[in-house]
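# Examining the three-dimensional arrangement
Here is how the chains run, residue by residue.
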Amino acid sequence: MTQAQSQAHGQATHHAHATLSDPTMLWVDNVSVSFDGFKALTDLTLLLDPGELRCIIGPNGAGKTTMMDVITGKTRADSGRVFMSGRTIDLTELSEAQIAELGIGRKFQRPTVFENLSVFQNLELALKTKKTAFHSLFARLSSEARDRIAAVLDTIGLPTRAHAPAGLLSHGQKQWLEIGMLLAQDPKILLVDEPVAGMTQREMERTGQLLVSLAGEHTVVVVEHDMDFVRDIAKRVTVLHEGRVLAEGSMEQVQNDPKVIEVYLGSEAGNLGGAGC
Ligand SMILES: Nc1ncnc2c1ncn2[C@@H]1O[C@H](COP(=O)(O)OP(=O)(O)O)[C@@H](O)[C@H]1O
Ligand SMILES: [Mg+2]
């Protein structure tokens, strides 16, 4: 959506958007999950504001991926709830497909683009997958669908690669295409698991810019191991450890938190680097 369109959209639907003043877009409320008696998440609580960019860090096995699995309905919580839009929708009562329909898009670590299709065709498929009235309207109005795809191509920085087979893209470009495929479905919340693994320095920088630019219009949750990357993009950071929230705050606050320093120094993930570590 262009800025002008988004402003027009905002004005036209001003009254319908009372939920924007709601304090939470996503509320993971006291969630526990265990696998064969092993507690992967213990009383995990996480609150996300509409439009915020949240980075989630923590050593291997901290429960980051499990948390995303619970939010998206892939894994069932043993106890606790996951609410969207205040407490109006309880995601733990919904199927994976229903949760996706509500506007929660997830990007897994490995890109899963269709290599034999062009970049454009990948985005077209993603656009058609969304089944709301709004998007089936787009499916008929192919010029509007094309406009939307063009806008997504601009956002992900691939307009000149539109007709290239996705299989010919670099690893980083494939990751951006996959983010674009999520954007085509107009998600409210984007969950991104380790987006810069395997990327070049330049690709990491562009990915950071992309994710920062998506916040505001979307609520973005980034799980990432790479501390330099997190330090570059971080606003609010949540540190998970052994299935619990160990610390939360600005990057500076969490990297100077003695509990966090202890966990990182004692783990194979290495230390957090920067001042105070
Ligand atoms: N499906 C599963 N079955 C058994 N154990 C699992 C499963 N998924 C995750 N775990 C365990 O739960 C813990 C948290 O894993 P995970 O959420 O993948 O951590 P992270 O993403 O932070 O590295 C780990 O000890 C992992 O081995
Ligand atoms: Mg993980």
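Each remark here, short or long, concerns the structure printed above.
Computed from a predicted structure; not experimentally measured. (Residues numbered from 1 in each chain as written. Chains lettered and ligands numbered in written order. Predicted model: local features only at pLDDT ≥ 70, side-chain atom pairs only at ≥ 80, totals over all residues.)

### Details of unusual backbone geometry
- The phi torsion at Ser-85 lies on the positive side, around 55 degrees, for a residue other than glycine.
- Even without being glycine, Glu-194 reaches a positive phi, approximately 45 degrees.
- Its location among the elements puts Glu-194 in the loop between strand E7 (189-193) and helix H8 (201-214).
- Judged by local crowding, Glu-194 falls into the partly exposed class, with 19 C-beta atoms found within 10 Å. (Helix = DSSP H or I, 4+ residues; strand = E, 2+ residues; numbered from the N terminus. Buried ≥ 20, exposed ≤ 12 C-beta atoms within 10 Å, placed from the backbone.)

### Describing the site of ligand 1
- What surrounds ligand 1 is the set Phe-35, Ala-40, Gly-58, Asn-60, Gly-61, Ala-62, Gly-63, Lys-64, Thr-65 and Thr-66.
- It is helix H2 (residues 64-71) that contributes the most residues to the shell around ligand 1, 3 residues altogether. (Near = placed C-beta within 6 Å.)

### Topic: the packing of helix H6 (residues 142-155) against helix H7 (residues 171-184)
- One can describe the packing of H6 onto H7 by two numbers: an axis separation of 9 Å at closest approach and a directional angle of 140 degrees. With respect to H7, the element H6 is oriented oblique. As H6 packs across H7, the resulting crossing turns out to be right-handed. Packed against H6, whose contacting residues are Arg-148, Ile-149, Val-152 and Thr-155, the element H7 presents Gly-180, Leu-183 and Ala-184 at the interface.
- In terms of residue class, the contact of H6 with H7 is built from 4 nonpolar, 2 polar and 1 charged. (Axes fitted to C-alpha atoms, helices over the stretch in contact; angles between N-to-C directions. Parallel < 35°, antiparallel > 145°, perpendicular 65-115°, else oblique. Left-handed = near helix turned anticlockwise from the far one by under 90°. Contact = placed C-beta atoms within 7 Å. Nonpolar A, V, L, I, M, F, W, Y, C, P; charged D, E, K, R; others polar.)

### Some details on the sheet that holds strand E2 (residues 38-48)
- If you walk across this open sheet you meet the 4 strands as E2-E1-E4-E5, and the pairing is antiparallel. Looking at the sheet topology across the chains shown, the edges are occupied by E2 and strand E5 (89-90).
- As judged from the 7 bridges shared by strand E1 (residues 26-35) and E2, these two strands associate in the antiparallel manner. Along E2, the bridge assignment pairs Val-31 with Leu-44.
- Of the strands in this sheet, E1, E2 and strand E4 (79-84) touch H2, which is tilted by about 115 degrees from E1. (Pairing = 2+ DSSP bridges.)

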